[in-house]
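Each chain, letter by letter, is given below.
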Amino acid sequence: MAGGITDQAPVRTRFAPSPTGLLHLGHAFSALTAQHLATPGQFLLRIEDIDRTRCRPEYETAIYDDLHWLGLDWPVPVMRQSDRMGAYRDALEQLEKLGVLYPCRCRRGDIRAALSAPQEGVEGPDGLIYPGTCRNRPMSAAGPDDVIRLNSAAAFDNLGIDEVSFTETSGSGNTPNTLTQKQFMNSVGDVALARRGMGTSYHLAVAVDDAAQDITKVVRGKDLFDSTWIHVLLQKLLKLPAPLYHHHDLIRDDSGKRLAKRDDARSLRQLRDAGASADGIRHSLGIS
Ligand code: GLU
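Residues numbered from 1 in each chain as written. Predicted model: local features only at pLDDT ≥ 70, side-chain atom pairs only at ≥ 80, totals over all residues. Heavy atoms only, no water.

Where an unreviewed UniProt entry is consulted, the protein appears under the name tRNA glutamyl-Q(34) synthetase GluQRS, with the organism given as Paracoccus pacificus. Listed in UniProt under the heading Sequence similarities (unreviewed entry), the comment for the protein reads: "Belongs to the class-I aminoacyl-tRNA synthetase family." (UniProt positions renumbered as here; feature names shortened; annotations may be inferred.)

Next up, the structure:
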């Protein structure tokens, strides 16, 4: 093809930590996998710091330091979600124009009370599936303390679709994944897109930012697999490109428990201080 152009877009992956604690081996695995899958291609970093009550500058500094120590590098300036509130506001406005949002004034206790029948208390990627109590409230009624929710049924109707899908990619090839509207309503529901005091939610910010960073392959843990349905629906509503997804296995401790940031004993910082080498960590994670 002329000029060596191919129809294959260059691979761009990202690692998107939140600076709410020290990185642990699970983060190292995620970041190294994302870098590995971007070879050849580009590996990007994004700081997901929308939750100002939990994020700390010293954790952001530690992220840069630990990832450099592991041998990772990325283009600068790094995208920080706290700088992108305008982009999330624009996206919310677009969704509002489509008529797929509503303001919700339910508190957690209200939601639990409305879900008193045991079969209705199903957990989705965002906690309990919202029972829809506020679904008919117009956006003009939104109060400053309201959560803005996606009206999922209205979203499917607006798009004229009855299912959403994405492509999971792994060493053994590509696998299509599909969720029908009914399954979406039962297992995801009307998720929050803007939270009190944050102006956005993780889901909206990720959908907007993966597109803004031209990410072609989203690499992250299997714990976020179910959130992907929300992101692909948002991509369709906002007319954003659909990346491939790679949801990797989670790193567990010896008792099989998933590593969490509060397990400080496993932080990269502690392993470094105890004399671990970056090569040793890469090797133990099976990425060299
Ligand atoms: N910020 C999220 C986390 O730290 C990851 C988001 C993503 O990779 O989509 O768990």
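J.: Summarise the overall build of the protein; cite the residues concerned and give the values.
T.: When its secondary structure is counted, the protein shows 10 helices and 12 strands. Computed over C-alpha atoms, the radius of gyration of the protein comes to 20 Å, within 12% of the 19 Å expected from 2.2 N^0.38 for 288 residues, which places it in the range of a compact globule. By its C-alpha atoms, the protein is 55 × 55 × 35 Å across when sized along the principal axes. Here the protein holds 288 residues, and 45% of them are scored as buried. Partitioning the intrachain contacts of the protein with sequence separation of at least 6 by distance along the chain shows that 78% fall at a separation of at least 24. Accessible area of the protein: about 14400 Å², with a carbon and sulfur share of 49%. Each charge class in the protein can be summarised by its mean position, and for the 34 positive and 36 negative side chains these summaries are 3 Å apart. (Helix = DSSP H or I, 4+ residues; strand = E, 2+ residues; numbered from the N terminus. Rg over C-alpha atoms; globule rule 2.2 N^0.38 Å. Buried < 20%, exposed > 50% of the residue type's maximum accessible area, 1.4 Å probe, protein only. Contact = heavy atoms within 4.5 Å. Areas by Shrake-Rupley, 256 points an atom, 1.4 Å probe, with all protein chains shown as cover. Lys, Arg positive; Asp, Glu negative; His and termini not counted. Charge placed at Lys NZ, Arg CZ, Asp CG, Glu CD.)

J.: Give a detailed account of the site of the ligand, specifying residues and quantitative values.
T.: If you check the shell around the ligand, you find Arg14, Ala16, Pro17, Ser18, Glu48, Tyr202, Arg220 and Leu224 and nothing else. Between the ligand and Arg14, the relevant distance is 2.6 Å, taken from an oxygen atom to a side-chain nitrogen or oxygen of the residue. Relative to its free-state accessible area of 300 Å², the ligand is covered by the protein chains to the extent of 78%. The residue makeup of the shell around the ligand, split by class, is 4 nonpolar, 1 polar and 3 charged. (Near = heavy atom within 4 Å. Polar contact = N/O pair within 3.5 Å; in protein donor to acceptor, adjacent residues only side chain to side chain. Nonpolar A, V, L, I, M, F, W, Y, C, P; charged D, E, K, R; others polar.)

J.: Explain the pairing of strand β2 (residues 42-47) to me, using residue names and the numbers behind them.
T.: Both faces of the sheet carry side chains from a regular strand, because those side chains alternate between them. With 5 of its 6 residues buried, β2 lies for the most part within the structure. Where strand β1 (residues 12-15) meets β2, 4 bridges bridge the pair, whose relative direction is parallel. Pairing of Phe15 across the sheet is with Leu45, part of β2. Crossover connection from β1 via helix α1 (residues 25-37) to parallel β2: handedness right-handed. (Pairing = 2+ DSSP bridges. Right-handed = clockwise from strand over helix to strand, strands pointing away.)

J.: Explain the sheet that holds strand β3 (residues 79-80) to me, and be specific about the residues and the numbers.
T.: What holds strands together in a sheet is hydrogen bonding between their backbones, with the strands either parallel or antiparallel. The parallel open sheet is built from 3 strands, whose spatial order is β1-β2-β3. Because the sheet does not close on itself, it has two edges, and the strands there are β1 and β3. With respect to the sheet, α1 is in contact with β1 and β2, its orientation differing from that of β1 by roughly 170 degrees. Contacts between helix α2 (residues 57-69) and the sheet are confined to β1, β2 and β3, with β2 contributing the most and set at about 160 degrees to the helix. (Axes fitted to C-alpha atoms, helices over the stretch in contact; angles between N-to-C directions.)

J.: Go over the sheet that holds strand β7 (residues 147-150) with me, naming the residues and quoting the values.
T.: Spatial ordering of the open sheet is given by β4-β7-β10, a layout of 3 strands whose pairing is antiparallel. In the strand order of this sheet, the two ends are held by β4 (101-104) and β10 (192-194), each with one partner. Averaged over all neighbouring strand pairs, the angle between strand axes comes to 45 degrees, with direction disregarded.

J.: Report on the packing of aromatic side chains, specifying residues and quantitative values.
T.: With the rule as written, the count across this model stands at 7 aromatic pairs. In this structure an aromatic cluster arises from ring pairing among Phe166, Phe225, Trp229 and Tyr245. Seen from the ring of Tyr130, Arg149 lies directly overhead, with NZ or CZ sitting 3.9 Å from the centre. (Phe/Tyr/Trp six-rings, centres within 6.5 Å; stacked < 30°, edge-to-face > 60°. Lys NZ or Arg CZ within 6 Å of the ring centre and 35° of its normal.)

J.: Explain the packing of helix α7 (residues 202-212) against helix α8 (residues 227-237) residue by residue, including any values.
T.: Packing of α7 against α8 leaves a shortest axis separation of 9 Å and a crossing angle of 55 degrees. Taken as axis vectors, α7 and α8 run oblique relative to one another. For the crossing formed where α7 meets α8, the hand is right-handed. On α8, the residues touching Tyr202, His203, Leu204, Val206 and Ala207 of α7 are Ser227, Ile230, His231 and Leu234. Looking at the contact of α7 with α8 residue by residue, the classes come out as 6 nonpolar, 3 polar and no charged. (Parallel < 35°, antiparallel > 145°, perpendicular 65-115°, else oblique. Left-handed = near helix turned anticlockwise from the far one by under 90°.)

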